[in-house]
Amino acid sequence: MDEYALQLQNISKYFGSVAANKNIDLTLKKGEILALLGENGSGKTTLMNMISGIYYPDEGHIFVNGEEARISSPQDAFRYKIGMVHQHFKLIDIFSAAQNIVLGTKGSGLARINEEVKAIAEKYGFEIDPKKKIYDMSVSEKQTVEIVKVLYRGADILILDEPTAVLTPQETEKLFSVMRAMKADGKSIIIITHKLNEVMAISDRVAVLRKGEYIGCVDTADTDPASLTEMMVGEKITLNISRPEAHADRPLLEIRDLTVNSDEGSHAIENLNFFIRGGEILGVAGIAGCGQRELCEAIAGLRKIESGGIYHEGESIVGLSPRAISARGVAMSFIPEDRLGMGLAPSMSVTDNMMLKNYQDHGYGIKPLPLSDEDTPEQAKKKNARNRFTEFLNRHCPFVDRKKARAEAERIIEELDIVTPSTETPVRRLSGGNVQKVLLGREILIEPNVLITAYPVRGLDINSSYLIYDILNRQKEAGTGILFIGEDLDVMLALCDKIMVLCHGKMMGVVHAEKTTKEQLGLMMAGALDLEEEKGKPMGVAKDTRIGEDQA
Amino acid sequence: MLTFLTSAIEFGVIFLFGCVGEILTEKSGHLNLGIPGIMCMGAAGGCLGVKLCYLASPAPSAFLVVLMGILFAMLFAAALGAVYGFLTVSLRSNQNVTGLACTIFGVGFTSFFLNNAVLSEGVSTQLSQAGLHFFNHPLPGADSLGWFGTLFLDHGILVYLAIVIAVIAAVVLRYTKAGLSLRAVGESPATADAVGINVTGYKYTAILLGAAIAGLGGLCYVMDYMGGIVGSTVDQTIQGIGWLCIALVIFAMWKPAFAILGSIVFGALYILSSYIQGISFEQIPLLNIVPFAVTILVLIATSIVGHREMQPPASLGLSYFREDR
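The notes below deal with the structure included here. (Residues numbered from 1 in each chain as written. Chains lettered and ligands numbered in written order. Predicted model: local features only at pLDDT ≥ 70, side-chain atom pairs only at ≥ 80, totals over all residues. Heavy atoms only, no water.)

Concerning the layout of surface pockets
Gaps between atoms show up when a probe of the same size as a water molecule is rolled over them. How we decide: Note on definitions: the grid is 1 Å and covers protein atoms alone; a cavity is a set of points where a 1.4 Å probe fits but cannot get out; a pocket is an open set with protein on both sides within 12 Å along at least five of seven lines; lining residues have an atom within 4 Å of a point. Grid points are joined across faces, edges and corners, and a volume is the space filled by probe spheres set on the points. Under the scheme used here, helices are H or I runs from DSSP no shorter than 4 residues and strands are E runs no shorter than 2 residues, and both carry numbers assigned from the N terminus. Side-chain classes are defined by residue name, with Ala, Val, Leu, Ile, Met, Phe, Trp, Tyr, Cys and Pro counting as nonpolar, Asp, Glu, Lys and Arg as charged, and the others, Gly among them, as polar.
Each pocket or cavity is described by its volume, and for the second largest pocket that value is around 680 Å³. What lines the second largest pocket is a set of 28 residues, and nearest its centre among them are Gln99(A), Leu173(B), Arg174(B), Arg183(B) and Glu309(B). Elements that contribute at least two residues to the lining of the second largest pocket include exactly helix H3 (97–102) and helix H4 (110–124) of chain A together with helix H7 (157–175), helix H8 (177–187) and helix H12 (256–275) of chain B. At four residues, H7(B) tops the list of elements feeding residues into the lining of the second largest pocket. For the lining of the second largest pocket, the per-class residue count stands at 15 nonpolar, four polar and nine charged.

This is the structure in structure tokens:
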């Protein structure tokens, strides 16, 4: 018998010209739990998808139990007894647990499945009701169904993609005991996680990936969170991003004790406190899905908040419509993973997309009469009445002002150096960077005083990224408060004035970008360092004193 | 009252065919708005099948005539279903637009085909003979068992076929692995794909089978209900029935078993105007609205209740291709 359940040799995978995985060697011993650790975009999920048959590697070999395996579909993976529990569950909502488990298999009929599921559950200590419908289940129950589904198909190698991201600590503990039971049964398990304490708690060995490359593998017993973090984030790279002096004045946007739920109903953001002042960039660092999206949506008025407050220039904006919030000068640009998903209508032209947000400002173009001191009271009264009337007309104008929108589009194209054949080109046909510039440009056009921008350089090349940084810096100098939700720690260290770190919806602390280190941020992101707790301060209203206290 | 109920059943099964066919199709995630056209095709095919029997021999056996009618009805309907399937499954075109195009084509084609290729004076006689004597052959005991016989036994073969098909469809969807897989395809094709279900295969099977079953509805109207008398507005009437079938799918909440009951209700509502004394000609269209009004009420009720199992398949109307994941 071979020692290794799974061996990867020289695995590479390219998406276009980008290497998601480069020459990766990885081994999984029989009956061990291997933790796969890495930052966002380090290629963990891509690698696991190749093992489970969703992607096919461009280079390299996969060996299962010492024999070379060709895994080109999920069914192939099942044949090699490999099963993956995806981060986003693949379950049919209206089916019962048992129906989901038996789906697509050739095994026993629907009648006997309930007993078989119960047998598997008892063996490993799951709690599962085979007849319960998925839509009635909690997140952790759904995850149990996914794991049983994989076990029912006879998997010996299990891959769990961030299984604890959606679980409460108690549920996580339960999952871990199940994992230990499976390990005792001889199953080999790979678990993807960002949480260092969990890595230390559950795994036998840890493999670390960074930017698609294999960094190394260590025995959990021989390592500690600090050295793992170092492996994960790597050396600090100095970037040549300018950071104009912040001339921060009073807080523009304040978040107090904010709690927001995710779509699944769990807390996405818990008791968050922070504020943004004019003329500064506040970075938000955190592993993907730590509540960044929910935070943005809550501020922009797109998501209901559970408790807490959002104050803009001292006034609560909770419950205002997205349009009202935007009218106050809070602009948001969120670049989701597919980059076109939010904010722009792909088939519409640049001009049309400009109008989407600003069409209400257009009117008949009737100018108000100028008032002057020489007017007699009567004249002034008349003029005022007329101005009110024209204003009313302009506000209720059913037509859109295409000419003005086109002029604005031209201005944005000119200012931000957007490469497009014309203002009438559908946004879809522009390159990714230019699309993002259009989105950002439109938000800047309304001259916001608070700009929330999430992943503005996602997928952009270096030059376009620098252009975006320039745009943000120009806004900052103009006195706008910017919330920058980013991915790349090096960029955030260079660009932001302060960095707030989130870990699963909880604030780990706010640090001065100049005074912190990448390692510290990494530890905070992984939940291993909590400045909030260290200081032992009660969570309260955000105060200036909190910033940089620990560093000073 | 008895004749009213009997007629309601006879008319209801026309809805039942169309409805069960559409339920099967929708369970695979495809909203086929071509059902009215497909039912028309069934009527055209059925008439052709019967005509062919008479061409082969002047006095064909009843069994052969009925079989040929059913076969050709299913064949014609499935042919249009295949066009719809190819466009929506393989080419991933918009299901609503494609379905409407199929309806327009099917209705027009049927009118053209019946008038130019099937009907002539002799054929009309043959069709009505086949309709009255072969398709409408009652079961033994229809006359001797009183109200029971009239209500349950005095129907043509197609009436029983409709109910049998509906029951089979209900059982397959509820209790078999094939049914489970089909529902999975309609709920979440990506999930079905990931567990190794042949998504495209299931979609085509459901669409073709659904179309063939719906086609029998057209045949049922012409041969059973009308007794083989093919009027000049037959295409328009069947088209109207076809839309009601789609409404009935909603009424039955995508369950073939409910569809049996629902179809009889719809049948009763549809023929109600002929049984109400003293109703004026202008009021008839008002009565014809009732099934649609009832459907809207059901939609409102199910939306308010919001129970997951009363909802349409989650991926209804959405194209699927694997690279999208």
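Quick word on empty space enclosed by the protein
Inspection of the entire model under this criterion finds six cavities of 30 Å³ or more. As a volume, the largest cavity reaches approximately 190 Å³. Lining the largest cavity are 16 residues, with Pro74(A), Phe78(A), Met84(A), His86(A) and Ala194(B) positioned closest to its centre. Its residues assigned to classes, the lining of the largest cavity shows nine nonpolar, three polar and four charged.

Focus: the packing of aromatic side chains
The geometry of an aromatic ring pair comes down to the distance between the two centres and the angle between the two planes. Convention followed: Geometry of aromatic contacts follows a simple scheme: Phe, Tyr and Trp rings, the Trp one being its six-membered ring, pair when their centres are within 6.5 Å, and the pair is stacked under 30 degrees between planes, edge-to-face over 60, tilted otherwise. For every residue, the accessible area (1.4 Å probe, protein chains only) is compared with the maximum for its type, and the residue is labelled buried under 20%, exposed over 50%, or partly exposed between those bounds. Two conditions define a charge located above a ring, namely a distance within 6 Å from the ring centre to NZ of Lys or CZ of Arg, and an angle within 35 degrees of the ring normal.
If you walk through the whole model with that rule in mind, you get 16 aromatic pairs over all chains. Plain terms: the ring middles of Tyr124(A) and Phe126(A) are 6.5 Å apart, the flat faces sit at 70° to each other, and that makes the pair edge-to-face. Each of the two residues, Tyr124(A) as well as Phe126(A), counts as buried. Ring centres of Phe105(B) and Phe109(B) lie 5.6 Å apart, and the angle between their planes is 20°; this geometry places the pair in the stacked category. Pair noted here: Phe105(B) and Phe109(B) are both in helix H4 (residues 95–118), with a separation of four residues, about one helical turn. On the basis of relative accessible area, Phe109(B) is assigned to the partly exposed category, the value being 24%. For Lys255(B), the ring lying beneath its charged end belongs to Phe258(B), and the centroid distance is 6.0 Å.

A short note on the packing of helix H3 (residues 62–90) of chain B against H4(B)
Residue and element names in this part refer to chain B. Applicable threshold: For helices, the axis comes from a line fit to the C-alpha atoms of the stretch in contact; other axes are also lines fit to C-alpha atoms, and the angle between any two N-to-C directions lies between 0 and 180 degrees. The labels follow the angle: roughly parallel below 35 degrees, roughly antiparallel above 145, roughly perpendicular from 65 to 115, and oblique for the rest. Here a crossing is taken to be left-handed if its near helix is turned anticlockwise relative to the far helix by less than a right angle, and right-handed if that turn runs clockwise. By definition, residues are in contact when any of their heavy atoms lie within 4.5 Å.
Running from N to C, H3 and H4 cross one another at 155°; their axes reach a closest spacing of 10 Å. In terms of orientation, H3 lies roughly antiparallel with respect to H4. Crossing hand, H3 versus H4: right-handed. Listed contacts from H4 to Phe 76, Leu 80, Tyr 84, Leu 87 and Thr 88 of H3 are Gln 95, Thr 98, Gly 99, Cys 102, Phe 105, Gly 106, Phe 109 and Phe 113. The class makeup of the residues in the contact of H3 with H4 is eight nonpolar, five polar and no charged.

With respect to the sheet that holds strand S13 (residues 281–285) of chain A
Residue and element names in this part refer to chain A. Filter applied, for reference: We call two strands paired when DSSP finds no fewer than two bridges between them.
Here we have six strands laid out as an open sheet, ordered S16-S17-S18-S13-S19-S20, and mixed in their pairing. Where the open sheet ends on each side, the last strands, each with one partner, are strand S16 (330–334) and strand S20 (506–512). Recorded for the sheet is a direction-independent mean angle of 15° between the axes of neighbouring strands. Note that S13 and strand S19 (residues 498–503) share four bridges and pair parallel. Bridge assignment links Ala 285 to a residue of S19, and that residue is Val 501. Each of S16, strand S17 (450–454), strand S18 (481–485) and S19 is contacted by helix H9 (residues 292–299), which is oriented at about 150° to S16, the strand it contacts most. Relative to the sheet, helix H14 (residues 432–445) contacts S16 and S17, its axis offset from that of S16 by approximately 175°.

Keep in mind these numbers describe shape, not what the thing actually does.
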